[in-house]
Amino acid sequence: MISGRNGSRLRPRAQDQHDQTREGSSVHRRFRLGTLCLGLVLVGTTGCSAIKAPVPKDPDALAEYKAANDPYEPLNRKMFNLTMKFDTWALRPVAKAYVWAVPRPVRNSLGNMITTMNEPSVFFNDVGAGKPRRAGDSFVRWCINMTVGIGGLIDVAKMAGFPHHDNDAGLTMANWGISSGPYLFLPMGPSSFRDGIGYGIDQGLSPWDYVPRGYGLVSFNWAYNMMGVVHGRSEHLEDLDALQRDALDPYATIRSAYQQQRKAQAEAIKNDRRATVPDWYQ
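Residues numbered from 1 in each chain as written. Predicted model: local features only at pLDDT ≥ 70, side-chain atom pairs only at ≥ 80, totals over all residues. Heavy atoms only, no water.

As recorded in an unreviewed UniProt entry, the protein goes by VacJ family lipoprotein and comes from Acetobacter ghanensis. Recorded under Sequence similarities (unreviewed entry), the UniProt text for the protein is reproduced unchanged: "Belongs to the MlaA family." (UniProt positions renumbered as here; feature names shortened; annotations may be inferred.)

Take a look at the structure:
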């Protein structure tokens, strides 16, 4: 939803980028591929003026139009308004109840577990981006937290010098030089053509989408997905409240913040040229 690529993927404040990155990507993947396909199908029908904005002729307006990279703004705004209504009447109350009922230490442990469960997808994308050191860190985090960290409930890997870093297929494609394409607002939150395709790829990379039937594993997978959405939304209650209260145009604010953050994330991965061998081994 709006909590993140992505809960996911709202990032309203730059100074909170590290914390939001930690939660955003894993939450953003919690929604099913069907909603993504529906959004892409709707966007694909570009002939309707209610879906695609006309290209301005005024030079200043044209420059602003190109900078926003949002040719489907009419459709995106409708999706945004619908999503915000759902958030107001359903997701936000559930998230507030979750914060009220669950103590902060328990919520932190659940957040650690969600992050750890997503490490395999981060690992595969690190490999795809050609960053073996980052991939090694992801692999070590998974091994440590799934064992010593009791299934990820305790972030022991961070204490051992392996902090979490985010990656997804959209960022991997960005490092391959693939442009983002037009901005989209899908049911799971802000995205783009490239990141929407990346979301589908990430679904294929997540081992939790291949759990066998029986032993309650399917129920665990659904519970894990729903908990990820609620937990991610709970981490941004004050941020979204302030955004809706103070921003002149919340939609444009979210769009700008999302695009800037995705660009910064891609640059951070591209500029990560650390040696493959960890510092402690040298």
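Applying the stated criterion across every chain, the model contains seven aromatic pairs. Judged by centre distance (6.1 Å) and plane angle (50°), the ring pair of F123 and F139 falls under tilted. With F123 in helix α6 (residues 119-128) and F139 in helix α7 (residues 132-147), this pair connects stretches of sequence that are 16 residues apart. Residue F123 is classed as partly exposed on the basis of its relative accessible area of 25%. (Phe/Tyr/Trp six-rings, centres within 6.5 Å; stacked < 30°, edge-to-face > 60°. Helix = DSSP H or I, 4+ residues; strand = E, 2+ residues; numbered from the N terminus. Buried < 20%, exposed > 50% of the residue type's maximum accessible area, 1.4 Å probe, protein only.)

Next up on the list: the pairing of strand β1 (residues 183-186). Neither face of β1 is left uncovered, since the one carrying Y183 and F185 and the one carrying L184 and L186 both have all their residues buried. Relative to strand β2 (residues 189-192), β1 runs antiparallel, the two sharing four bridges. Looking across to β2, one finds that L186 is bridged to G189. (Pairing = 2+ DSSP bridges.)

Here the focus is the environment of N69. Along the chain, N69 falls in the loop between α3 (59-68) and α4 (73-101). Between the C-alpha atom of N69 and that of Q259, which follows or precedes it by 190 residues, the distance is 9.3 Å. Beyond its immediate chain neighbours, meaning those up to four positions away, N69 contacts S180, G181, P182, Y183 and Q259. (Contact = heavy atoms within 4.5 Å.)

Here we come to unusual backbone geometry. Phi is positive for N69, close to 55°, though the residue is something other than glycine. One non-glycine residue, I150, lies in positive phi territory at about 55°. Mapped onto the elements, I150 comes out in the loop between α7 and α8 (156-159). Taking relative accessible area as the criterion, I150 reaches 55% and is therefore assigned exposed.

Right, let's talk about the pattern of salt bridges for a bit. Taken as a whole and judged by the stated rule, the model has 18 salt bridges. With a closest N to O distance of 3.7 Å, R255 and E73 form a salt bridge. Highlighted residues: R255 in helix α13 (residues 250-270) and E73 in helix α4, separated in sequence by 182 residues. With a shortest N-O distance of 2.6 Å, D87 and R233 are connected by a salt bridge. (Salt bridge = Lys/Arg side-chain N within 4 Å of Asp/Glu carboxyl O.)

This part takes up α7. The first and last C-alpha atoms of α7 sit 23 Å apart over 16 residues, in line with the 22 Å expected at 1.5 Å per residue. Residues of α7 that are buried include every one of R133, R134, A135, D137, S138, R141 and N145, and no others. Those residues of α7 that are buried lie in contact with α5 (104-117), α6, α8 and α13. (Expected span 1.5 Å × (residues − 1).)

The next point concerns the nonpolar core. Residues L91, Y98, V102, L110, M113, I114, M117, W208, Y224, M227, V229 and V230 constitute the largest nonpolar core, which totals 12 residues. Of all elements in the fold, only α4, α5 and α11 (217-234) reach the threshold of two or more residues within this core. Counting 10 residues, the second-largest nonpolar core is a separate cluster that includes F80, L240, Y251 and I254. (Core = buried A, V, L, I, M, F, W, Y, C linked by side-chain atoms within 4.5 Å.)

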